[in-house]
Amino acid sequence: MDKNKMYEVYTDYLIEVNSHTNLTTITNPEEIKIKHFEDSLSVISYINEGDKVLDIGAGAGFPGIPLRIEKNFDLTLIDSVNKKVKFMNEVIKKLDLKDTCAVHTRAEDFAKENRESYDVVVSRAVANMSTLSELCIPFLKTGGIFIALKGPKADKELEDAQNAINILGG
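Remember, it's a predicted structure, so these values are computed and weren't measured experimentally.

Q: Go over the overall build of the protein with me, naming the residues and quoting the values.
A: Check the secondary structure of the protein and you find 7 helices and 5 strands. Along the protein, helices and strands appear, N-terminal first, in the series α-α-β-α-β-α-β-α-β-α-β-α. Computed over its C-alpha atoms, the radius of gyration of the protein comes to 15 Å, within 12% of the 15 Å expected for a compact globule of 170 residues. When its C-alpha atoms are laid out on the principal axes, the protein stretches across 45 × 30 × 30 Å.

Here it is, written out as C-alpha cells:
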C-alpha cells in the first residue's frame, strides 16, 4: 500500500472509530492531515531507519504511526487507555506496519523492564516537561534522543524542567 493510501485508511478509520469512541477532538480530514499527521512528521529528521523508538502516551497513534509510515524502524507505542491501544493495534494491522506494536501499560510500569532500551523516545500532548522528562528519559540508551512535541509554551516548560532534566542525565 502506498503512503498516501495509508494516510487515507488511517484517517477514515480514525473518523469511523471516533464517532463512537473518543480518540480525538479533531475529526475534519484536512485538520487531521495538518494537526495530526504533519505535526507528527515535524520531528522525522531525528529518527533513523532501524532505530528502536518508543512513543509514550500515544493516544490515537500520534506521533508514532505517521513517523513509522514514513520510515522503517522498530516502534512501540504505549498508552494507559486500552480503547486507544486497541485502536492503534487495529491501525497497525490495517496498514501492515512491521516491527510495530501498541501496548496497554503505564510508562512507570513499562520502565521496570525497558530502561535504557530505546534510541528515541517521543511524546506529544502528555504532561508538563518536568513530568514528561521523568517518564521518558529513563527509557533512552546512552546518547539517545528524547523528543517532546509541545505547544506554544514550550520554552517556559523547558526552562522550568531544566533541573529535572539535568538530574536525569538529559
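Q: Which residues make up the pattern of salt bridges, and what values do they have?
A: Taken as a whole and judged by the stated rule, the model has 8 salt bridges. The salt bridge partner of Asp109 is Lys112, with a shortest N-O separation of 3.5 Å. Of this pair, Asp109 and Lys112 both sit in helix 5 (residues 107-114), 3 residues apart, roughly one helical turn. Since its relative accessible area comes to 66%, Lys112 is described here as exposed.

Q: Break down the sheet that holds strand 2 (residues 74-79) for me, citing the residues and quoting the values.
A: Judged by pairing direction, the sheet is parallel, and its 5 strands sit side by side in the order 3-2-1-4-5 without closing on themselves. The open sheet has two edge strands, strand 3 (100-104) and strand 5 (140-149), and neither has a second partner. Sheet twist, expressed as the mean angle between neighbouring strand axes with direction ignored, is 20°. Of the strand pairs in this sheet, strand 1 (residues 52-56) and strand 2 are connected by 5 bridges, and their pairing is parallel. Bridge pairing in strand 2 links Val53 to Leu75. Against the sheet, helix 4 (residues 82-95) engages strand 2 and strand 3, with an angle of about 165° to strand 3. Contacts from helix 5 reach strand 1, strand 2 and strand 4 (118-124) within the one sheet, and its direction differs from that of strand 2 by about 140°.

Q: Break down the environment of Pro29 for me, with residues and values.
A: Looking at where Pro29 falls in the secondary structure, it is placed in helix 2 (residues 29-41). Pro29 sits in the partly exposed class, given a relative accessible area of 46%. Every residue in contact with Pro29, bar those within four places of it in the chain, is listed here: Thr11 and Ile15.

Q: Kindly report on the UniProt feature "binding site: S-adenosyl-L-methionine" (unreviewed entry) in the protein, identifying the contributing residues and their values.
A: UniProt tags Gly57, Phe62, Ala107, Glu108 and Arg124 as "binding site: S-adenosyl-L-methionine" (unreviewed entry). Looking at the element boundaries, Phe62 is found in the loop between strand 1 and helix 3 (64-70). The class for Phe62 is buried, based on a relative accessible area of 5%. What Phe62 contacts, discounting residues up to four positions off in sequence, is Tyr10, Leu14, His36, Phe37, Ser40, Asp55 and Arg124. Along the chain, the position of Glu108 falls in helix 5. On the basis of relative accessibility, which here comes to 40%, the residue Glu108 falls in the partly exposed class.

Scoring rules and cut-offs
- Residues numbered from 1 in each chain as written.
- Predicted model: local features only at pLDDT ≥ 70, side-chain atom pairs only at ≥ 80, totals over all residues.
- Heavy atoms only, no water.
- Helix = DSSP H or I, 4+ residues; strand = E, 2+ residues; numbered from the N terminus.
- Rg over C-alpha atoms; globule rule 2.2 N^0.38 Å.
- Salt bridge = Lys/Arg side-chain N within 4 Å of Asp/Glu carboxyl O.
- Buried < 20%, exposed > 50% of the residue type's maximum accessible area, 1.4 Å probe, protein only.
- Pairing = 2+ DSSP bridges.
- Axes fitted to C-alpha atoms, helices over the stretch in contact; angles between N-to-C directions.
- Contact = heavy atoms within 4.5 Å.
- UniProt positions renumbered as here; feature names shortened; annotations may be inferred.

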